[in-house]
Amino acid sequence: MSGGNNKYNNILDALHQLLKDNTIQNISVSDIAKKAGMGKGSIYYYFPSKEAILDALIIRNYEDPIKTAKNLASQTEISPFTRMAMILQVCRSSSAAFLSQSSTVSGIGSNAQESAFLHQKYMNHLISELKPCLTEIISQGIASGDIHFEYPAALAEIVLIVLAVTLNHTFLPATAEDSENTIRGLVTLLEKGTGIPRGTLNYLTCI
């Protein structure tokens, strides 16, 4: 099993290395196999396609912060606002990690279509994984009377989408001032729409 795990991670490492000099479209399964030091058939033992390898690489990149976020949903002894802050910090940290990786990957940094494609995959993964956690925390806040809102899942999704898009700038290029204004607008809407005490979400403006 340990050997299998090593080969699995070697494949992911190989794709990550190849992305530093190539776009995903120009990388073949054979290229990945050669870089990983194994036969092409061995790749298909672990992954059905190149796209599956890319998905697994994205999941691995954000595994630890998302695991932390999931653990927060059950820690009801912590204020829902504190846990929301921690969840959204995960979102910011994940965006920063993506941008940091972008600077070393030629496909992300130099090709707009490639950048949008990879960012969409990253954003879909981030939102789908964090939405249940944030929804649960918001629901707990509603049950305790700290948050007043009828649609916790919708609220969680709106917040995550706005943050993911604003913090990355891939889909919507913006200056630091534009981003700050967007986040401040989101904070104002959340405070007025949910009855959250004014100033509770100010941490979101620290981009």
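Residue numbers run consecutively from 1 along every chain, following the written order of its sequence. In keeping with the model being predicted, local features are shown solely for residues with a pLDDT of at least 70 and side-chain atom pairs are shown and tallied solely at 80 or more, while totals for entire chains, interfaces and linings include all residues. As a rule here, side-chain values come from all non-hydrogen atoms in the structure, and water together with hydrogens is ignored.

## Topic: the overall build of the protein
Logical step 1: Each helix and strand in the protein was counted, giving 10 helices and 0 strands.
Logical step 2: Overall, the protein shows an N-to-C arrangement of helices and strands of α-α-α-α-α-α-α-α-α-α.
Logical step 3: Relative accessibility thresholds used throughout: buried, under 20% of the residue-type maximum; exposed, over 50%; partly exposed, between the two (1.4 Å probe, protein chains only). Per-residue burial for the protein yields a buried fraction of 43% across its 207 residues.
Logical step 4: Residues count as neighbours in contact if any of their non-hydrogen atoms are within 4.5 Å of one another. For the protein, the share of sequence-separated contacts (at least 6 apart) that also reach a separation of at least 24 residues comes to 66%. Numbering of helices and strands runs from the N terminus, with a helix taken as a DSSP run of H or I at least four residues long and a strand as a DSSP run of E at least two residues long.

## Quick word on the packing of aromatic side chains
Logical step 1: Aromatic rings from Phe, Tyr and Trp, taking only the six-membered ring of Trp, are treated as a pair when their centres fall within 6.5 Å; an angle between ring planes under 30 degrees marks them as stacked, one over 60 as edge-to-face, and anything in between as tilted. What the rule picks out here adds up to 4 aromatic pairs.
Logical step 2: Ring geometry for Tyr-45 versus Tyr-46: centroids 4.9 Å apart, planes at 85°, classification edge-to-face.
Logical step 3: Residue classification places Tyr-46 among the partly exposed residues on the basis of a relative accessible area of 24%.

## Structural notes on helix H4 (residues 50-61)
Logical step 1: Here the expected span of a helix is defined as 1.5 Å times the quantity of residues minus one. Compared with an ideal rise of 1.5 Å per residue, which puts 12 residues at 16 Å, H4 spans 17 Å between its outermost C-alpha atoms and is within 8% of the ideal.
Logical step 2: Among all positions in H4, only Lys-50, Ala-52, Ile-53, Leu-54, Ala-56, Leu-57 and Ile-58 are buried.

## Side note on the nonpolar core
Logical step 1: Among buried residues, the Ala, Val, Leu, Ile, Met, Phe, Trp, Tyr and Cys ones that are joined through side-chain atoms within 4.5 Å form a nonpolar core. Residues Leu-15, Ile-32, Ile-43, Ile-53, Leu-130 and Leu-134 are the most contacted members of the largest nonpolar core, which totals 55 residues.
Logical step 2: Contributing elements (two or more residues each) for this core: helix H1 (2-18), helix H2 (29-36), H4, helix H5 (63-72), helix H6 (80-102), helix H8 (112-143), helix H9 (152-168) and helix H10 (176-194).
Logical step 3: Sequence-distant contacts of Ile-32, that is, excluding residues within four places in its chain, are made with Ile-11, Ala-14, Leu-15, Leu-18, Ile-27, Ile-43, Lys-50 and Ile-53.

## Notes on H5
Logical step 1: For H5, the complete set of buried residues consists of Ile-66, Ala-69 and Leu-72. In a view along the axis of H5, the buried residues occupy a sector of 110°, so they form one face of it. The directions from the helix axis to the C-beta atoms form the arc being described.

## Concerning the side chain of Glu-191
Logical step 1: Note that Glu-191 resides in helix H10.
Logical step 2: Only four residue types enter the tally: Lys and Arg on the positive side, Asp and Glu on the negative side; His and the chain ends are excluded. For salt bridges, the criterion is a side-chain nitrogen of Lys or Arg within 4 Å of an Asp or Glu carboxyl oxygen. For Glu-191, which is buried and forms no salt bridge, the nearest opposite charge comes from Arg-198, at a distance of 5.0 Å.
Logical step 3: Not counting residues up to four positions away in its chain, the partners in contact with Glu-191 are Ile-196, Pro-197, Arg-198, Gly-199, Thr-200, Leu-201 and Asn-202.

## Quick look at the pattern of salt bridges
Close approach of charged atoms allows side chains of opposite charge to pair.
Logical step 1: Applying the stated criterion across every chain, the model contains 4 salt bridges.
Logical step 2: Taking the shortest distance from any N to any O, the salt bridge between Arg-60 and Asp-13 comes out at 2.7 Å. Of this pair, Arg-60 sits in helix H4 while Asp-13 is found in helix H1, placing the two residues 47 residues apart along the sequence.
Logical step 3: Residue Lys-121 pairs with Asp-55 through a salt bridge whose shortest N-O separation is 2.6 Å.

## A word on the environment of Ile-127
Logical step 1: Position of Ile-127 among the secondary structure elements: in helix H8.
Logical step 2: Of the residues examined, Ile-127 reaches a relative accessible area of 12% and is grouped as buried.
Logical step 3: For the pair Ile-127 and Ile-161, spaced 34 residues apart in sequence, the C-alpha to C-alpha distance is 7.1 Å.
Logical step 4: If sequence neighbours within four positions are ignored, Ile-127 has contacts with Leu-160 and Ile-161.

## Quick word on the environment of His-16
Logical step 1: Tracing the chain through its elements places His-16 in helix H1.
Logical step 2: The class for His-16 is buried, based on a relative accessible area of 19%.
Logical step 3: Separated by 37 residues in sequence, His-16 and Ile-53 place their C-alpha atoms 9.9 Å apart.

## Considerations on the confidence of the model for the protein
Logical step 1: Looking at any residue, its pLDDT shows the predictor's confidence there, from 0 to 100. Across the protein, the average pLDDT comes to 81, with 81% of residues at or above 70.
Logical step 2: Mean pLDDT values for the elements of the protein range from 46 in helix H7 (residues 106-110) up to 95 in H2.
Logical step 3: This model gives residues 106-110 a pLDDT under 50, and the stretch forms 16 contacts once residues within four places in sequence are excluded.

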